[in-house]
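Architecture at a glance
Listed below, chain by chain, are the residues.
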Amino acid sequence: MPARAARPSSPLASEFALIRSLQRHYARADRDIVRGIGDDTAVLRCSSANQLLITTDLLAEGVHFDLRSSSLEDIGYRAAMANLSDIAAMGGIPRFLLVALAIPSTCSGAQIRRLYRGMMQAATPHRVRLIGGDTSSSRQGLFLSITLTGTARPGRALLRSGASAGDFLYVTGTIGDSHAGLSLLGAHGSLRQTLRQSDVRFLLRRHHRPTARVAEGQWLASHSLASSAIDLSDGLSGDVRHICEESGVGVAVQATALPVSPACRAFARAAGLVPEEVALTGGEDYELLFTVPRGKHARFKRLAAGTAFRFTCIGEMTTMREGLRLHASTGERLPLPALSYEHFSRPSTT
């Protein structure tokens, strides 16, 4: 009897569907797991004084970076910042770094040292120490995986699951800059020439050298001001969905309130795009998106006024029944579009 031909396996539906599946199948109650699959970091009990935060990120050549348009120092820097941003989103203190590399034969020792130099340029200002990792050969390009640990005081870690209807939605800094910078890397010279060189430099730096909002996260946690938080790695329109799903709420985002830098607005105009759509779409800004309960809002505003942090209120959490809405500049109330990057659902744009 002839053997049956194996059915071709179906492609993964989406990155987030995979995560939800893993959560359903493998998440188990354990007294030492405060938070497992489904947040920016895992949160584990380790002592009465501190909880342990653990996060990891994988970067693959051709998906997350292109060696033709990014320096090895910038790649290392951005990789470390992605992990630092996860700790920031929990309001934690970053501590120790482990790095695993799969290195193609085309890479020299000097090039790998440049990669590490970029990582430590990001990590050292936060007193993060490199403590180990692993290396392997690669036949398919450079792969970089970072694991970062941190600590948080018991009960102070910021989770995605704490938002309630009526909470105010805030974001740090400006959004859309990294996406604009990435677009400029692949743009024809004519687009760059229409922009001021200062704007081009600003946007490219925001892409290559993002800032994890570690101080802001720690400030929010220390004052118990945020009910939930997440970092903007995939884009606001997608990341706010994670807060809504984990918290069981809806959201109303005000398009005209989105903080878009002058350089990003100039890029949008030159590219024939709507600045607010760039802000909703853009990932890897590593700003913090967080919610503030109505009862703490006056205190939040009073304390925030005494800091140098940039916080912008961009909407309000609603009931799950009301769904995810965008209040457009025209006054229309539209479904919040899903514009963010998602692995497996589209080809790489690197």
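Residues numbered from 1 in each chain as written. Predicted model: local features only at pLDDT ≥ 70, side-chain atom pairs only at ≥ 80, totals over all residues. Heavy atoms only, no water.

Two quantities define a packed helix pair, namely the angle between the axes and the distance from one axis to the other. Look at helix α2 (residues 72-89) against helix α3 (residues 109-123): their axes get within 7 Å of each other, and the N-to-C directions meet at 40 degrees. What the angle tells us is that α2 and α3 run oblique. Helix-helix and strand crossings are classified by hand; for α2 and α3 the assignment is right-handed. Between α2 and α3, the contacting residues are L72, E73, I75, G76, Y77, A80, M81 and L84 on the first element and Q111, R114, L115, R117, G118, M119, Q121, A122 and A123 on the second. A breakdown of the residues in the contact of α2 with α3 according to their chemical character gives 10 nonpolar, 4 polar and 3 charged. (Axes fitted to C-alpha atoms, helices over the stretch in contact; angles between N-to-C directions. Helix = DSSP H or I, 4+ residues; strand = E, 2+ residues; numbered from the N terminus. Parallel < 35°, antiparallel > 145°, perpendicular 65-115°, else oblique. Left-handed = near helix turned anticlockwise from the far one by under 90°. Contact = heavy atoms within 4.5 Å. Nonpolar A, V, L, I, M, F, W, Y, C, P; charged D, E, K, R; others polar.)

This part takes up the sheet that holds strand β3 (residues 51-60). With respect to topology, 6 strands assemble into an open sheet ordered β1-β2-β3-β6-β4-β5, the strand pairing being mixed. Two strands bound the open sheet, and with one partner strand each, they are β1 (33-35) and β5 (129-138). Here the strands of the sheet are splayed against their neighbours by 20 degrees on average, with no regard to which way each runs. Packing of α2 onto the sheet brings it into contact with β3, β4 (93-104) and β6 (143-152), and relative to β6 it is tilted by some 30 degrees. (Pairing = 2+ DSSP bridges.)

Our focus in this paragraph is the environment of R35. Counting through the fold element by element, R35 comes out in strand β1. In this structure the C-alpha to C-alpha distance between R35 and R45, which are 10 residues apart in sequence, comes to 9.6 Å. R35 has contacts with T41, A42, V43, L159 and E246, leaving out every residue within four places of it along the chain.

A separate point is the layout of surface pockets. Computed from the structure, the second largest pocket encloses a volume of approximately 190 Å³. Contributing to the lining of the second largest pocket are A255, V274, E276, E277, L280, L326, A328, S329, L334, P335, P337 and L339. For the lining of the second largest pocket, the elements supplying multiple residues, two or more each, are α10 (275-281) and β13 (333-335). The biggest single contributor to the lining of the second largest pocket is α10, with 3 residues. For the lining of the second largest pocket, the per-class residue count stands at 9 nonpolar, 1 polar and 2 charged. (1 Å grid on protein atoms, 1.4 Å probe; cavity = no way out; pocket = protein on both sides within 12 Å on 5 of 7 lines; lining within 4 Å. Points joined across faces, edges and corners; volume = space filled by probe spheres on them.)

Here we come to unusual backbone geometry. A positive phi angle is found at S224, which is not glycine, with a value near 50 degrees. Tracing the backbone through its elements, the reader meets S224 in the loop between α7 (214-222) and β8 (228-231). The exposure class of S224 is partly exposed, given its relative accessible area of 29%. For E284, which is not a glycine, the phi torsion comes out positive at approximately 60 degrees. (Buried < 20%, exposed > 50% of the residue type's maximum accessible area, 1.4 Å probe, protein only.)

Counting across every chain of the model gives 9 aromatic pairs. A network of ring pairs unites the aromatic residues Y170, W219, F290, F300, F309 and F311 as a single cluster. When the ring centre of Y77 is taken as reference, the NZ or CZ atom of R209 above it lies at 4.4 Å. (Phe/Tyr/Trp six-rings, centres within 6.5 Å; stacked < 30°, edge-to-face > 60°. Lys NZ or Arg CZ within 6 Å of the ring centre and 35° of its normal.)

Membership of the largest hydrophobic core comes to 48 residues, with the highest contact counts inside it found for L115, L144, I146, L220, F290 and F300. In terms of residues, this core owes the most to one element, α2, which gives 10 residues. A163, V171, V253 and L258 belong to the second largest nonpolar core, which has 36 residues in total. (Core = buried A, V, L, I, M, F, W, Y, C linked by side-chain atoms within 4.5 Å.)

Its place among the elements puts D285 in the loop between α10 and β10 (288-292). One buried charged residue, D285, remains without a salt bridge, the closest side chain of opposite sign being R206 at 4.0 Å. Engagement of the side chain of D285 in a polar contact is seen with the backbone nitrogen of D177, the distance being 3.4 Å. Beyond its immediate stretch of four places on either side in the chain, D285 contacts T174, I175, G176, D177, S178, R206, P210, T211 and L232. (Lys, Arg positive; Asp, Glu negative; His and termini not counted. Salt bridge = Lys/Arg side-chain N within 4 Å of Asp/Glu carboxyl O. Polar contact = N/O pair within 3.5 Å; in protein donor to acceptor, adjacent residues only side chain to side chain.)

So, about α2. Here α2 is 18 residues long and its end C-alpha atoms lie 26 Å apart, about the 26 Å a rise of 1.5 Å per residue gives. Of all 18 residues that make up α2, 18 are buried, and the element is covered over most of its length. With its phi angle positive at about 75 degrees, G91 sits one or two positions after the end of α2. (Expected span 1.5 Å × (residues − 1).)

Looking now at the sheet that holds β10. Pairing between sheet strands relies on hydrogen bonds along the backbone, with the strands arranged either parallel or antiparallel. With mixed pairing, 7 strands are arranged side by side in an open sheet as β8-β10-β7-β11-β9-β12-β13. Both edges of this open sheet fall to β8 and β13, since each of them pairs with a single strand only. Pairwise comparison of adjacent strand axes, ignoring direction, gives a mean angle of 25 degrees for this sheet. The sheet contact formed by strand β9 (residues 249-254) and strand β11 (residues 311-319) spans 5 bridges and is antiparallel. Counted as the bridge partner of A252 is E316 from β11. Against the sheet, α7 makes contact with β7 (168-172), β10 and β11, and its axis sits at roughly 15 degrees relative to β10, the strand it touches most. Contacts from helix α11 (residues 297-304) reach β7, β10 and β11, with the element oriented near 20 degrees to β7.

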